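# Descriptive structure summary
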Amino acid sequence: MQQEPPTLPKEFQHSAPFPDGRRLSLRADCERCFGLCCVAPAFSASADFAIDKDAGHACPNLQSDFRCAIHQRLRRQGFPGCAVYDCFGAGQKVAQVTFGGQDWRRTPRIAVQMFEVFTIMRQLHELLWYLTEALTLQPARPLHGELSLALDETERLTHGSPDDLVELDVTAHRRDVNALLLRTSELVRAEARRHEIDRRGADLIGKDLRGADLRGANLRGAYLIGADLRGADLGMADLIGADFRGADLRGADLTGSIFLTQSRLDAAKGDLGTKLPPSLTRPTHWPPSVTPRSRRRRPPRPRA
Ligand code: SF4
């Protein structure tokens, strides 16, 4: 189901969802990867993963052709964390560029370094995703020069050798880029409201936020797990790192929100009444029609 076109004033709209096609290369292409996300990270048995798994050990569901044996029924089998995972295209970059098409099964001597590089590459590709989005934001035009430099530098780092990548201080690079993204966010959110709503890193787990006015709010890294956000206004809110697992976004307005990723959206519940930013698609597991509850009269707005 296609989402409706955005209805924001022109100055608030992203100038182009995919300015140079770069974001297409930041989408996972599992056919060109060697199941790196199914091997490199550790899992703990939880609501997201049905099993414990050590880092560097292949998941028992990973087949010899690097495909998942339960791909069509991940949620039913207790692996919803896999269904919403996003490597931002780091998997195919490591497999095909950094290691030139060698795979860790046929060339076991590269395995340990390959998994380590994947962990670093994923962080770099996530930064590329945010920087690419930042360059589409009209209120952030004064920062576009700095954002372009940061984008080019991050892209350059992704093309390093395996040794270069392992030695990279990715934490320092993330810190520098995040500072720039925060300044970007401030410019965007200043267009949305005069007084800041700062919920950065807030514990909003399971909160009743039905109909809340969170327009232009700073929700960076907020814990919104299981929160009831039906009918809430999240337009132009900064959602970088916000945890929406199990959050109810039915009828919520996320138009113009910034730094929301597809995987975080996929972890939430929504319906046809949920309004999305133009660069994201409606999760296929959401119901295809407006659910009866979100058709009801809009709930009262508690204070944010
Ligand atoms: S369940 Fe499938 S997708 Fe998840 S880690 Fe295992 S093989 Fe990969």
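Residues numbered from 1 in each chain as written. Predicted model: local features only at pLDDT ≥ 70, side-chain atom pairs only at ≥ 80, totals over all residues.

### Describing the overall build of the chain
Scanning the chain from N- to C-terminus turns up eight helices and zero strands. Walking the chain from its N terminus toward its C terminus, one meets helices and strands in the order α-α-α-α-α-α-α-α. Here the chain, with 304 residues, has 39% of them falling under the buried criterion. For the chain, long-range pairs separated by at least 24 residues make up 48% of all intrachain contacts whose partners lie at least 6 apart in sequence. (Helix = DSSP H or I, 4+ residues; strand = E, 2+ residues; numbered from the N terminus. Buried ≥ 20, exposed ≤ 12 C-beta atoms within 10 Å, placed from the backbone. Contact = placed C-beta atoms within 7 Å.)

### Considering the environment of L265
For L265, the position within the fold is in helix α7 (residues 262–266). Given 24 C-beta atoms within a 10 Å radius, L265 is considered buried. Measuring from C-alpha to C-alpha, the distance between L265 and A242 comes to 9.7 Å, with 23 residues separating the pair along the chain. Aside from chain neighbours lying at most four places away, what touches L265 is F244, L260, L280 and P283.

### So, the packing of helix α2 (residues 90–98) against helix α3 (residues 111–134)
Packed helices, taken two at a time, are described by the angle between their axes plus the distance between the axes. Two numbers describe how α2 lies on α3: the axes approach to 8 Å, and their chain directions differ by 125°. Of the possible angle classes, the one that applies to α2 and α3 is oblique. The two elements α2 and α3 meet at a crossing, and its hand is right-handed. Contacts from A90, G91, K93, V94 and T98 of α2 reach α3 at M114, V117, F118, M121, R122 and H125. For the contact of α2 with α3, the class distribution of residues is six nonpolar, three polar and two charged. (Axes fitted to C-alpha atoms, helices over the stretch in contact; angles between N-to-C directions. Parallel < 35°, antiparallel > 145°, perpendicular 65-115°, else oblique. Left-handed = near helix turned anticlockwise from the far one by under 90°. Nonpolar A, V, L, I, M, F, W, Y, C, P; charged D, E, K, R; others polar.)

### Some thoughts on the site of the ligand
Taken together, the residues surrounding the ligand are C38, C59, N61, L62, C68, I70, F79 and C82. Of the residues belonging to the shell around the ligand, the class tally is seven nonpolar, one polar and no charged. (Near = placed C-beta within 6 Å.)

### Concerning the packing of helix α4 (residues 144–158) against helix α6 (residues 170–190)
Orientation of α4 relative to α6, taken along the N-to-C sense of each, is 150°, at an axis distance of 11 Å. Classified by the angle their axes make, α4 and α6 are roughly antiparallel. At the point where α4 passes α6, the crossing takes the left-handed sense. Here E146, L147, A150, T154 and L157 of α4 lie close against α6, whose contacting residues are H173, V177, L180 and T184. Within the contact of α4 with α6, the residues separate by chemical class into five nonpolar, three polar and one charged.

### Structural notes on unusual backbone geometry
Here the phi dihedral of F66 falls at roughly 70°; this positive angle occurs in a residue that is not glycine. Judged by local crowding, F66 falls into the buried class, with 20 C-beta atoms found within 10 Å. One non-glycine residue, F88, lies in the positive phi region at around 55°. With respect to the secondary-structure elements, F88 resides in the loop between α1 (80–83) and α2. Its 24 C-beta neighbours within 10 Å are what place F88 among the buried residues.

### As for the environment of G246
If you trace the backbone, G246 turns up in the loop between α6 and α7. A residue is classified by how many C-beta atoms lie within 10 Å of it, and G246, with 16 of them, is partly exposed. Remark: the alpha-carbon pair of G246 and I205, spanning 41 residues in sequence, is separated by 9.9 Å. Not counting residues up to four positions away in its chain, the partners in contact with G246 are I225, G226 and K269.

### Some details on the confidence of the model for the chain
On average, residues of the chain score 89 in pLDDT, and 88% of them are at 70 or above. The low-confidence segment residues 1–20, where pLDDT is below 50, has 33 contacts with residues more than four positions distant or belonging to other chains. (pLDDT = per-residue confidence, 0-100.)

### A few points about α3
With 24 residues, α3 ought to run about 34 Å at 1.5 Å a step, and its terminal C-alpha atoms sit 35 Å apart, in line with that. Summarising burial for α3: 17 of the 24 residues are buried, a large majority. (Expected span 1.5 Å × (residues − 1).)

### A closer look at α6
The end-to-end C-alpha distance of α6, which contains 21 residues, comes to 30 Å, matching closely the 30 Å that a straight helix rising 1.5 Å per residue would cover. Taken together, the buried positions of α6 are occupied by V177, L181, T184, S185, V188 and R189. Along α6, the residues classed as buried sweep out an arc of 125° about the axis, all on the same side. Facing away from the buried side of α6, by more than 90 degrees, are the exposed residues A172, R175 and A179. Against the buried residues of α6 lie α3 and α4. (Arc of directions from axis to C-beta.)

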